[in-house]
Amino acid sequence: MKQTGYDMLYLTACAVNNITPDSSCIALINPDELFKMCQYHSLTAIVCTALESAGISNKKFIEAKLKAIRKNILLDSERKKICGTLEQYGIWYMPLKGTILKELYPQTDVRQMSDNDILFDKTYRKTVLKIMKNLGYSAKYYGKGNHDVYIKPPIYNYEMHTELFHISYNEKWTEYYSQIKNKLIQDSNTEYGYHFTDEDFYVYITAHEYKHYNISGTGLRSLLDRYIFLMHKEKILNWQYIQNECTKLGIAQFEKQNRNLCKKVLSEPELPRLSPEEKELLEYHFSCGTYGTIENEITKRMEKFNYKTVSKTRFKYIFSRVFPSLEFYRFNYPFFYHHKILLPLIWFVRLAKGMTVKRKHMKKELRIIFKLHKVKNTK
């Protein structure tokens, strides 16, 4: 996996810097392994452009690239329709993350997207539900957490955010963004569309990346997104402001290390000498894929328990999954949180669901738990 990760990194760096890959380097790459790794990291389309520049025509890569381009076109068109409807209802909104970042890529259609994220005025949550249903969407998730998920065949997937971060993840971050409208700038061509300043956008994507990194890990695409943004904006950003805001959120060190790493490994195809810490961090990104892994998520959760033996940590982890804290019910099952006498009922429902609907996931989770031989104590 490591070598394939470095091959993917090399071709990605070639693509974003408009450099033709060396044919002798490409000859050493296993195309099937490379394709799997690129799919894992959602980098197939951009790597395909590097291969094509070297005269390499690989059917699987080309088909994946065309599929990604088509999906972006459809998502863009549908997002305009959704935002246009929000305009009609007088609901302020702001597209997030990849929707903005992809416009900075050398070719905007090669930044692969699984969905689109849109922040909107949370006082209109029920109205947005009605809007999305009228547009032919079904609510996959609604009313739980800080975003609702709407889907429509064949490929449409929109996360409609009422808040950037849920209080159950980080109360400090929720408070920081509680008056988010004050940070936003109105779009020049819309009445209700908004956007961040470049500095606040960078702080937000850093916090979002850190959240994924801290829960289940994050892959090479997050480093690429950061690098692409810095290519365009680094020289004009107010870095004192960024450092101050990142310090408030507790992510200043994370921002610095990832900024340095992305510039080191993506500014040119030839990889420079990395420190042992940088190499370990880069290879951790290789192992995580676009959205992290369940192994990382479970390991990080288990590391939070203050036990010296793995067996006690396993028991505590399993117990916490079967009988979560009251905070879990407060955010995920508010009815049962306010009617605590009924909690045994939801215990039974969750256990039954785990043994039926989520049986495969539960079995995988148990395999991971008992595969771990060492858990680092983080307290």
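Here the structure is a predicted model, which is why all the values come from computation and not from measurement. (Residues numbered from 1 in each chain as written. Predicted model: local features only at pLDDT ≥ 70, side-chain atom pairs only at ≥ 80, totals over all residues. Heavy atoms only, no water.)

### Quick look at the overall build of the protein chain
A tally of regular secondary structure across the protein chain gives 19 helices and seven strands. Taking 21 Å as the expected radius of gyration for a compact globule of 379 residues, we find that the protein chain reaches 22 Å, a close match to that expectation. A principal-axis box enclosing the C-alpha atoms of the protein chain has dimensions of 70 × 55 × 45 Å. Classification of the 379 residues of the protein chain by burial places 49% in the buried group. (Helix = DSSP H or I, 4+ residues; strand = E, 2+ residues; numbered from the N terminus. Rg over C-alpha atoms; globule rule 2.2 N^0.38 Å. Buried < 20%, exposed > 50% of the residue type's maximum accessible area, 1.4 Å probe, protein only.)

### Re the pattern of salt bridges
All told, the structure shown has 20 salt bridges when counted by the stated rule. Here Asp200 ties to Lys183 by a salt bridge, and the two come within 3.9 Å at their closest N and O atoms. With Asp200 in helix H9 (residues 198–215) and Lys183 in the loop between helix H8 (171–176) and strand E6 (185–186), the pair connects residues that are 17 residues apart, well separated along the chain. Measuring nitrogen to oxygen at the nearest pair gives 2.5 Å for the salt bridge that ties Glu255 to Arg259. A residue pair is termed a helical-turn pair when its members lie 3 or 4 positions apart in one helix, as Glu255 and Arg259 do in helix H12 (residues 252–266) at four residues. Of the two residues, Glu255 and Arg259, neither departs from the other in class, the shared state being buried. Because the salt bridges share partners, they merge into one network encompassing Asp76, Arg79, Lys102 and Glu103. (Salt bridge = Lys/Arg side-chain N within 4 Å of Asp/Glu carboxyl O.)

### Some words on the pairing of strand E3 (residues 138–141)
Side chains on a regular strand alternate between the two faces of the sheet. Where E3 meets strand E4 (residues 147–152), three bridges bridge the pair, whose relative direction is antiparallel. Counted as the bridge partner of Ala139 is Tyr150 from E4. From the end of E3 to the start of E4, which pair antiparallel, there are five residues, and Gly143 there has a positive phi angle of about 80°. (Pairing = 2+ DSSP bridges.)

### Some thoughts on helix H14 (residues 294–303)
Turning to H14, its buried residues number three or more, namely Ile294, Asn296, Ile298, Met302 and Glu303. Taken together, the buried residues of H14 touch H9, helix H13 (276–288), helix H15 (310–322) and helix H19 (359–371). (Contact = heavy atoms within 4.5 Å.)

### A few points about the sheet that holds E4
Read from one edge to the other, the open sheet built from five strands follows the order E1-E2-E5-E4-E3, with strand pairing classed as mixed. The open sheet has two edge strands with one neighbour each: strand E1 (93–95) and E3. In this sheet, adjacent strand axes meet at a mean angle of 30° when their direction is disregarded. Bridge analysis of E1 against strand E2 (residues 116–120) gives three bridges, and the strand direction is antiparallel. Among the inter-strand pairings, Pro95 is bridged to a residue of E2, identified as Ile118. In the packing of helix H5 (residues 59–89) onto the sheet, the strands contacted are E1, E2, E4 and strand E5 (156–161), and the crossing angle to E5 comes to about 40°. (Axes fitted to C-alpha atoms, helices over the stretch in contact; angles between N-to-C directions.)

The quantities given are spatial measurements derived from coordinates; they are silent on function.
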